[in-house]
Number of protein chains: 2
Amino acid sequence: MISQTAEYALRAVACLATYPKTSLTAPRIASITKVPASYLSKVLQALGKARLVKSQRGLHGGFLLARPADKISLLDVIDAVDPIRPITQCPLDLETHGKNLCPLHDRLNDAIMLIQKAYRNATVGELVSQTGKSKPLCDMPDRKKIS
Amino acid sequence: MISQTAEYALRAVACLATYPKTSLTAPRIASITKVPASYLSKVLQALGKARLVKSQRGLHGGFLLARPADKISLLDVIDAVDPIRPITQCPLDLETHGKNLCPLHDRLNDAIMLIQKAYRNATVGELVSQTGKSKPLCDMPDRKKIS
DNA sequence: GGATAAATGGATATTTATATCTACTTTTTA
DNA sequence: TAAAAAGTAGATATAAATATCCATTTATCC
């Protein structure tokens, strides 16, 4: 339902949210989230351009969330790397129904908007806050072990 | 949100539903739905294996829906070519959380199930029945023009 | 039965997404 | 200010999805 790239982006952001205010290097994030390191750099750059993460070069540099985790929705992250776009016109682009979507694409678009809404209403903060019966987030090491 | 292949499959089925009981050849369906003809044959074969369409070889052969359009859900069609699968285990496959999904994949899975439900509750029949404000289905020719 | 029309199946080509590698620039700190 | 750590960017490789081609089989009509 989401691309591999989007999945990686979400893992990375979840990882950063787990260690807030802690600058993590790309290789560090890669090893924690089990994402190919060289690919992750690209993903992190995309997240940077979307202003979701801040990067710091040089010794002791790394990545940080650009704003609190509960102000970042899953949709923000997904859209940064692989946008979910509503269907705005029939892909068969026929003159006869101009701007209108045919019933088929209307339904498909409904589904897309449903998904958008679901991702928009879920924040990265929720993922790491572990309320109630939530399970451990992808086996990350404890904060104390990392810093 | 769905693959190109799934989109093609839906167009083909919608097309067949528009001309019920009429055997349409693959090239005919291709031209109506604007799907590459040689690719569509493969898609139609997949639909055949899933028992959604029946095929007839030879002169005056072609394809037909295997059952009434209102007994075919969009999910049936999508699953025939490109199944939507719930997440059953964390893709990082870590021992620590066994069968449990972490909060991230829990959310992603919620979205997948939401989509499944939406597609399961929409039938191909609905698409072509044009109730109320529905718009023309992808500019198909009138029935009288085709047979 | 022969000619024609149509689906089927296999091999192959093309495109896109995913992943890797390497050289380069920036920043920190000793 | 030099060395090391880290992000940046571009070129390239690999894998997967999409698309095409062609030979074969099946059915229908005359």
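Draft legend 1. Representation of the packing of helix H1 (residues 4-18) of chain A against helix H4 (residues 74-81) of chain A within the structure. Residues and elements named next belong to chain A. Between H1 and H4, the least distance of the axes is 9 Å, while the angle of their chain directions is 130 degrees. In terms of orientation, H1 and H4 fall into the oblique class. When the axes of H1 and H4 are compared, the crossing they make is right-handed. Seen from H1, the contacting residues are Thr 5, Ala 6, Ala 9, Leu 10 and Val 13; seen from H4, they are Leu 74, Val 77, Ile 78 and Val 81.

Draft legend 2. Looking closely at unusual backbone geometry. Even without a glycine there, the phi angle at Lys 34 of chain A is positive, about 60 degrees. With respect to the helices and strands, Lys 34 of chain A occurs in the loop between helix H2 (26-33) and helix H3 (37-49). Since its relative accessible area comes to 46%, Lys 34 of chain A is described here as partly exposed. Not every positive phi belongs to a glycine, and Arg 51 of chain B is a case in point at roughly 60 degrees. As for its position among the elements, Arg 51 of chain B is in the loop between helix H3 (37-49) and strand S1 (53-56).

Draft legend 3. Seen up close, the side chain of Gln 116 of chain A. Residue and element names in this part refer to chain A. Examined against the element boundaries, Gln 116 turns out to sit in helix H5 (residues 103-120). Among the residues examined, Gln 116 registers a relative accessible area of 11% and is labelled buried. Separated by 3.1 Å, the side chain of Gln 116 and the backbone oxygen of Ile 84 make a polar contact. Leaving out residues up to four positions away in the same chain, Gln 116 has contacts with Leu 75, Ile 84 and Pro 86.

Draft legend 4. Expanded view of the protein's contact with DNA strand D. Around DNA strand D, 27 residues are found, and the nearest of them are Lys 42, Arg 57 and Leu 59 of chain A together with Pro 36 and Arg 57 of chain B. At the protein interface, 78% of the atoms of DNA strand D within 4 Å belong to sugar or phosphate. Lys 42 of chain A places a polar side-chain atom, nitrogen or oxygen, 2.6 Å from a base oxygen of DNA strand D. A distance of 3.1 Å separates a phosphate oxygen of DNA strand D from a polar atom in the side chain of Gln 45 of chain A. Residue assignment for the surface near DNA strand D shows that the elements contributing at least two residues are H2, H3, strand S1 (53-56) and strand S2 (62-65) of chain A together with helix H1 (4-18) and H3 of chain B. The class makeup of the residues in the surface near DNA strand D is nine nonpolar, 14 polar and four charged.

Draft legend 5. Quick peek at the packing of helix H2 (residues 26-33) of chain B against H3 of chain B. Residue and element names in this part refer to chain B. For the pair H2 and H3, interaxial distance at closest approach is 9 Å and the crossing angle is 115 degrees. By the angle class used here, H2 and H3 are roughly perpendicular. Where H2 crosses over H3, the handedness of that crossing is right-handed. Across the interface between the two elements, Ala 26, Ile 29 and Ala 30 of H2 pack against Ala 37, Leu 40 and Leu 44 of H3. Counted by class, the contact of H2 with H3 contains six nonpolar, no polar and no charged residues.

Draft legend 6. Expanded view of the pattern of salt bridges. Residues and elements named next belong to chain B. Enumeration according to the criterion identifies six salt bridges over all chains in this entry. One salt bridge in this structure joins Asp 76 and Arg 67, with 3.1 Å as the shortest N-O distance. Judged by its relative accessible area of 30%, Arg 67 falls in the partly exposed class.

Cut-offs used in this document
- Residues numbered from 1 in each chain as written.
- Chains lettered and ligands numbered in written order.
- Predicted model: local features only at pLDDT ≥ 70, side-chain atom pairs only at ≥ 80, totals over all residues.
- Heavy atoms only, no water.
- Axes fitted to C-alpha atoms, helices over the stretch in contact; angles between N-to-C directions.
- Helix = DSSP H or I, 4+ residues; strand = E, 2+ residues; numbered from the N terminus.
- Parallel < 35°, antiparallel > 145°, perpendicular 65-115°, else oblique.
- Left-handed = near helix turned anticlockwise from the far one by under 90°.
- Contact = heavy atoms within 4.5 Å.
- Buried < 20%, exposed > 50% of the residue type's maximum accessible area, 1.4 Å probe, protein only.
- Polar contact = N/O pair within 3.5 Å; in protein donor to acceptor, adjacent residues only side chain to side chain.
- Near = heavy atom within 4 Å.
- Nonpolar A, V, L, I, M, F, W, Y, C, P; charged D, E, K, R; others polar.
- Salt bridge = Lys/Arg side-chain N within 4 Å of Asp/Glu carboxyl O.

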